[in-house]
Amino acid sequence: MTVGGPAVTAGGPAVTAGPVLAVSEVTVRFGGVVAVRDASLELREKEVVGLIGPNGAGKSSLIGALGGQIPVTRGRVLLGGADITAAPPHRRARLGLCRTFQLTSTFDDLTVFENLLVAALGADGSRLRSSLAGGRARQARVAAAMDSVWDRLTEFDMAEVANLYGSELSGGQRRLVEIMRCLMRSPRVLLLDEPMVGVAPHLVERIQGECQRIRDSGVSIIIVEHALEVVQAICDRVVVMASGSVVAQATYAEAMSSGAVREAYFA
Amino acid sequence: MSFYISTLLVYFFVDALLAWALNMQFGWGGIPNFALIMFQAAGAYAAAVVSLGPDTGAGAFQRYVFGSSLPFPLPLVVATLAGGLLALIVGSFSLRRIRRDYQAAILLIVSLIVTGLVTNVVGLVNGSNGLTGVPRPLSGVLSRLTYDGYQWAYAAWTAVIAAAVYLLVARLGSSPWGRALRAVRDNEDAAATIGLNPVSLRLQAFVIGGMICGLSGGLLAEFLASWSPAAWGYAETFAVFTAIILGGVGNTWGVVLGTLLVQVIFLQVPTFLPQVGYTGLIDALQWVLIGSLWLVCLAIRPRGLIPARRPVVSREARR
């Protein structure tokens, strides 16, 4: 188990030369509807990629396919070289891929502290056997995890709300809890599905800043976002989708001057 | 009077076991176990058949499977395992990633099917007549005790078991496992994205709860010396739900208070009172009251009389 130190840290195995996440020709089909068609993209170490496109372009379906919530009909998804195409979400998480959801997903009847603690302990720290029998070893592990939670809360300036239930938070605070919770797992890849929805303007800037800081600490991020100014500010690259297909992969400026992208957005 | 109180105590402790089991499954795990009472019945029948001795075949006054005469306390161990095994089987198909209301429907239907099966397949556990003559444990060793004395000894024995189960559930509730279970209850997808396996955590809670229910059934069958389908109508499950909702879902002591109020004061005390009105009136009124109590509680005090405690931590208390 990895428990983060005072700063945001990336865990997992040492950096490999290839992309952290490689998606090749992924198709997602719901019955007769093709939501994603032959989508390919790569996410490199310490990179923030914006996934953009008009409504119904297949962005959320693709994110779901990467996170494991939606089954992939065809194609492959590799995380650090390991094939995770058919892996259930919890196994992907254990390999270092965490995500947030369009509808905020805090554990509402757990306090903020518990939201983070349950993630810091993870599956290994929550086993039934050690919960029943574990003596000093378990206590030490829980104490270490609690320390790391305090550090994270302090780092995000959220220690004040540690004892509030998830249901007692504002939209922006809930987003921050979701992101912090993912970070407790020291992920290699973070998928953020519209993290600015329902967030007050001053917190949007904050979350934006946190994303950059998280990236600098070594985590790669894919972010689905409708607010293009946010995408412009934080993304190294954008992947543009339309009608289920990837139509462009470029820097924000290049993508915006591309005819295909303009057509996708304004057609 | 002494007989009356000792009997109530046995019921109270046995029902507290059910409440803790349901609190673990529903309160922490979010599993709407509408088949709860079926797991108690599994334990009761299991304890009965392994202590009744062999079914002597044709001509015997009751028919059942697996007849044997295991010594105390093995029938209770068998009862516990039977509850756990049934939970493992039922849980393996009812706790998949499906909506919670479907889980509830599946569990209720399974419970009704099993009641029908047990009632109609007479060779299994003697059908609707049920099993009688279950030997009371250690009655030979304790033969010096009066009938009343034995009652009190049995109440003390159930108290010891309840205390042991309390220690178990209290430990589990505040453990990392219990917290992970509550995370799965609150948001399954989010729990999976931090590496927790929702299906496996739920199944674990279901099986542990099933074992506790089975144990409670064994205790009850040995105390009553009999067990029949009339003892485990599906309405009993809803009485346990009412008890934990009134007491405070998620709170280990709250559900004990709920059990005292609902299972003992509301349901048991009237059966010892003199008959009022026509036959069956009190019985019918009880269930009306239980249903109303549930609704009133959800309307005015949804978190119960003793709500789950907010676990407050402070940075100053850090090492």
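Residues numbered from 1 in each chain as written. Chains lettered and ligands numbered in written order. Predicted model: local features only at pLDDT ≥ 70, side-chain atom pairs only at ≥ 80, totals over all residues.

Visitor: What exactly am I supposed to notice about the overall build of chain A here?
Guide: When helices and strands are counted, chain A shows 10 helices and 10 strands. For chain A, the C-alpha radius of gyration of 19 Å lies close to 18 Å, the compact-globule estimate for 267 residues. Principal-axis analysis of the C-alpha atoms places the extent of chain A at approximately 60 × 40 × 35 Å. Counting across all 267 residues of chain A, residues that qualify as buried make up 48%. Residue pairs at least 24 apart in sequence account for 71% of intrachain contacts in chain A once pairs closer than 6 positions are excluded. (Helix = DSSP H or I, 4+ residues; strand = E, 2+ residues; numbered from the N terminus. Rg over C-alpha atoms; globule rule 2.2 N^0.38 Å. Buried ≥ 20, exposed ≤ 12 C-beta atoms within 10 Å, placed from the backbone. Contact = placed C-beta atoms within 7 Å.)

Visitor: What is the right way to read the interface of chain A and chain B from this model?
Guide: Where interface size is quoted, it is often the accessible area lost as the parts come together. On the side of chain B, 27 residues touch chain A, which itself brings 38 residues to the contact. Contributing elements (two or more residues each) for the side of chain A that touches chain B: helix H2 (89-94), strand E6 (97-99), helix H3 (112-121), helix H4 (128-133) and helix H5 (136-155) of chain A. If you tally residues by element for the side of chain A that touches chain B, the top one is H3(A), at 6 residues. For the side of chain A that touches chain B, a count of residues per class yields 19 nonpolar, 10 polar and 9 charged. (Nonpolar A, V, L, I, M, F, W, Y, C, P; charged D, E, K, R; others polar.)

Visitor: I tried to follow the sheet that holds E6(A) on my own but got confused; where do I start?
Guide: Paired through backbone hydrogen bonds, the strands of a sheet run either parallel or antiparallel to each other. All names here are of chain A. Reading across from one edge, E6-E7-E8-E3-E9-E10 is the order of the 6 strands in this open sheet, with mixed pairing throughout. Edge positions in the sheet fall to E6 and strand E10 (245-250), since each of these pairs with one other strand and no more. Across the sheet, the mean angle from the axis of one strand to that of its neighbour is 20°, orientation sign disregarded. Strand direction decides the pairing type here: strand E9 (residues 237-242) and E10, joined by 5 bridges, are antiparallel. Within E10, the position partnered with Val239 by the bridge is Gln249. Against the sheet, helix H7 (residues 201-216) engages strand E3 (48-52), strand E7 (189-193) and strand E8 (220-224), with an angle of about 150° to E8. (Pairing = 2+ DSSP bridges. Axes fitted to C-alpha atoms, helices over the stretch in contact; angles between N-to-C directions.)

Visitor: Explain helix H2 (residues 36-49) of chain B here, please?
Guide: Helical geometry note: an α-helix holds 3.6 residues per turn, so side chains three or four residues apart project in the same direction. Here H2(B) spans 21 Å end to end across 14 residues, near enough to the 20 Å set by a 1.5 Å rise per residue. Taken across its 14 residues, H2(B) has 14 buried, putting it largely inside the fold. (Expected span 1.5 Å × (residues − 1).)

Visitor: It is not clear to me how the domain arrangement of chain A should be interpreted in this structure. Could you clarify?
Guide: Residues and elements named next belong to chain A. Along its sequence, chain A is organised into domain 1 (21-106 + 187-266) and domain 2 (110-168). A separation of 28 Å is found between the C-alpha centroids of domain 1 and domain 2. Counting from both sides, the interface comprises 4 residues of domain 1 and, opposite them, 4 residues of domain 2. (Domains from an automatic or database assignment.)

Visitor: Sorry, what's going on with the confidence of the model for chain A here?
Guide: Detailed reading of the predicted coordinates is not advisable wherever pLDDT falls low. Residues and elements named next belong to chain A. Averaged over all residues, the pLDDT of chain A equals 88, while 93% of them reach at least 70. Mean pLDDT values for the elements of chain A range from 75 in helix H10 (residues 259-266) up to 96 in H3. Here residues 1-16 is modelled with pLDDT under 50, and outside its nearest four sequence neighbours on either side it reaches 39 contacts, counting other chains as well. (pLDDT = per-residue confidence, 0-100.)

Visitor: It is not clear to me how the sheet that holds strand E1 (residues 21-30) of chain A should be interpreted in this structure. Could you clarify?
Guide: All names here are of chain A. With respect to topology, 4 strands assemble into an open sheet ordered E2-E1-E4-E5, the strand pairing being antiparallel. Each end of this open sheet is capped by a strand with a single partner; those strands are strand E2 (33-43) and strand E5 (82-83). Relative to E5, strand E4 (residues 74-79) is paired through 2 bridges, and the arrangement is antiparallel. Each bridged residue has a counterpart across the sheet, and for Leu79 the counterpart in E5 is Ala82.

Visitor: Help me understand the packing of H3(A) against helix H7 (residues 176-186) of chain B in this model?
Guide: Two elements in contact, H3(A) and H7(B), have axes whose closest approach is 10 Å; the angle formed by their N-to-C orientations is 115°. Our classification of the angle between H3(A) and H7(B) gives roughly perpendicular. Here the hand of the crossing between H3(A) and H7(B) comes out left-handed. In this structure, H3(A) uses A:Glu114, A:Leu117, A:Val118 and A:Leu121 to contact H7(B), whose residues at the interface are B:Pro176, B:Arg179, B:Ala180 and B:Ala183. Looking at the contact of H3(A) with H7(B) residue by residue, the classes come out as 6 nonpolar, no polar and 2 charged. (Parallel < 35°, antiparallel > 145°, perpendicular 65-115°, else oblique. Left-handed = near helix turned anticlockwise from the far one by under 90°.)

Visitor: Mind showing me how you'd approach the pairing of E3(A) here?
Guide: Both faces of the sheet carry side chains from a regular strand, because those side chains alternate between them. All names here are of chain A. Across the 5 residues of E3, 5 count as buried, placing the element largely inside the fold. Side-chain alternation along E3 places Val48, Gly50 and Ile52 on one buried face and Val49 and Leu51 on a second face that is also buried. Note: E3 against E8, 4 bridges, orientation parallel. The partner of Val49 across the bridge, within E8, is Ile222. The sheet contact formed by E3 and E9 spans 4 bridges and is parallel. Residue pairing across strands places Gly50 opposite Val238, the latter belonging to E9.

Visitor: Sorry if this is basic, but what is going on with the nonpolar core here?
Guide: Taken as a class, soluble globular proteins show a tendency for nonpolar side chains to be buried jointly. Counting 166 residues, the largest nonpolar core has A:Leu116, B:Leu17, B:Ala19 and B:Ala48 as its most contacted members. The biggest single contributor to this core is helix H1 (residues 2-28) of chain B, with 15 residues. Every residue in contact with B:Ala48, bar those within four places of it in the chain, is listed here: B:Leu131, B:Val134, B:Ala221 and B:Trp227. (Core = buried A, V, L, I, M, F, W, Y, C linked by C-beta atoms within 7 Å.)

Visitor: What exactly am I supposed to notice about the packing of H3(A) against helix H6 (residues 171-183) of chain A here?
Guide: Each packed pair of helices is defined by two parameters, the angle between the axes and the distance between the axes. Residues and elements named next belong to chain A. Between H3 and H6, the least distance of the axes is 8 Å, while the angle of their chain directions is 25°. Comparing the axis directions of H3 and H6 gives the class roughly parallel. Where H3 crosses over H6, the two elements pack in a sense that is right-handed. Facing Val112, Asn115, Leu116 and Ala119 of H3, the residues of H6 in contact are Val177, Met180 and Arg181.

Visitor: Sorry, what's going on with the environment of A:Gly171 here?
Guide: Residue and element names in this part refer to chain A. With respect to the element layout, Gly171 can be found in helix H6. Judged by the 13 C-beta atoms lying within 10 Å of it, Gly171 is partly exposed. Between the alpha carbons of Gly171 and Gly198 there is a distance of 5.6 Å; along the sequence they are 27 residues apart. Excluding residues within four positions of it along the chain, Gly171 makes contact with Thr104, Gly198 and Val199.

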